[in-house]
Amino acid sequence: RAGAGGTPKAAPKMYVCYLCGKEYGSKSISIHEAQCVKKFEDQQAALPREERKRVPSRPCLGESAASLEERNTMAKQAYEEQVMVACAGCGRTFNGQDRVDMHMKGCDAAKELIQA
């Protein structure tokens, strides 16, 4: 799309949410993160106590302002390490234990692991 004077518009800067892994604009990421924390807490409260996770911590950017790319890399890493759950058989990751349980019903590697 062209901006004023026919020059191409720059793509909007998108920030990755460390809780859900989705991208949001610079003006909406802080609003989204607050809502995402609430949603995460509500989802965890519905689980049995032994299956609950703590709210993942926001990546620490240190004193220097990290570039957008560095910030997004750290947010994706936090999401993958703290939120995603891996299948014990094949290692594929999912957003929630219920999704892993559903996957394991058809996962040949998980079935072999159980039979061993």
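These remarks concern the structure in this document. Values in this document were obtained by computation on a predicted structure and should not be read as measured data.

1. Notes on the pattern of salt bridges
Then comes step 1: Applying the stated criterion across every chain yields a total of 3 salt bridges.
Then comes step 2: Residues Arg58 and Glu33 are paired through a salt bridge, measuring 2.6 Å at the closest nitrogen-oxygen approach. Of this pair, Arg58 sits in the loop between α1 (29–45) and α2 (68–82) while Glu33 is found in helix α1, placing the two residues 25 residues apart along the sequence.
Then comes step 3: Look at the salt bridges and you will find they share partners, linking Glu33, Arg58 and Arg71 into a network.

2. Regarding the nonpolar core
Then comes step 1: Of all hydrophobic cores here, the largest spans 10 residues; its members are Tyr15, Val16, Cys17, Tyr18, Leu19, Cys20, Ile29, Cys36, Ala75 and Ala78.
Then comes step 2: For this core, the secondary-structure elements that each account for two or more residues are β1 (14–16), α1 and α2.
Then comes step 3: If near-sequence neighbours (up to four positions away) are discounted, Cys20 is found in contact with His32, Cys36 and Tyr79.
Then comes step 4: Counting 6 residues, the second-largest nonpolar core is a separate cluster that includes Cys87, Phe94, Val100 and Ala110.

Rules and cut-offs
- Residues numbered from 1 in each chain as written.
- Predicted model: local features only at pLDDT ≥ 70, side-chain atom pairs only at ≥ 80, totals over all residues.
- Heavy atoms only, no water.
- Salt bridge = Lys/Arg side-chain N within 4 Å of Asp/Glu carboxyl O.
- Helix = DSSP H or I, 4+ residues; strand = E, 2+ residues; numbered from the N terminus.
- Core = buried A, V, L, I, M, F, W, Y, C linked by side-chain atoms within 4.5 Å.
- Buried < 20%, exposed > 50% of the residue type's maximum accessible area, 1.4 Å probe, protein only.
- Contact = heavy atoms within 4.5 Å.

Interpretation note: all reported values are geometric properties and have no functional meaning in isolation.
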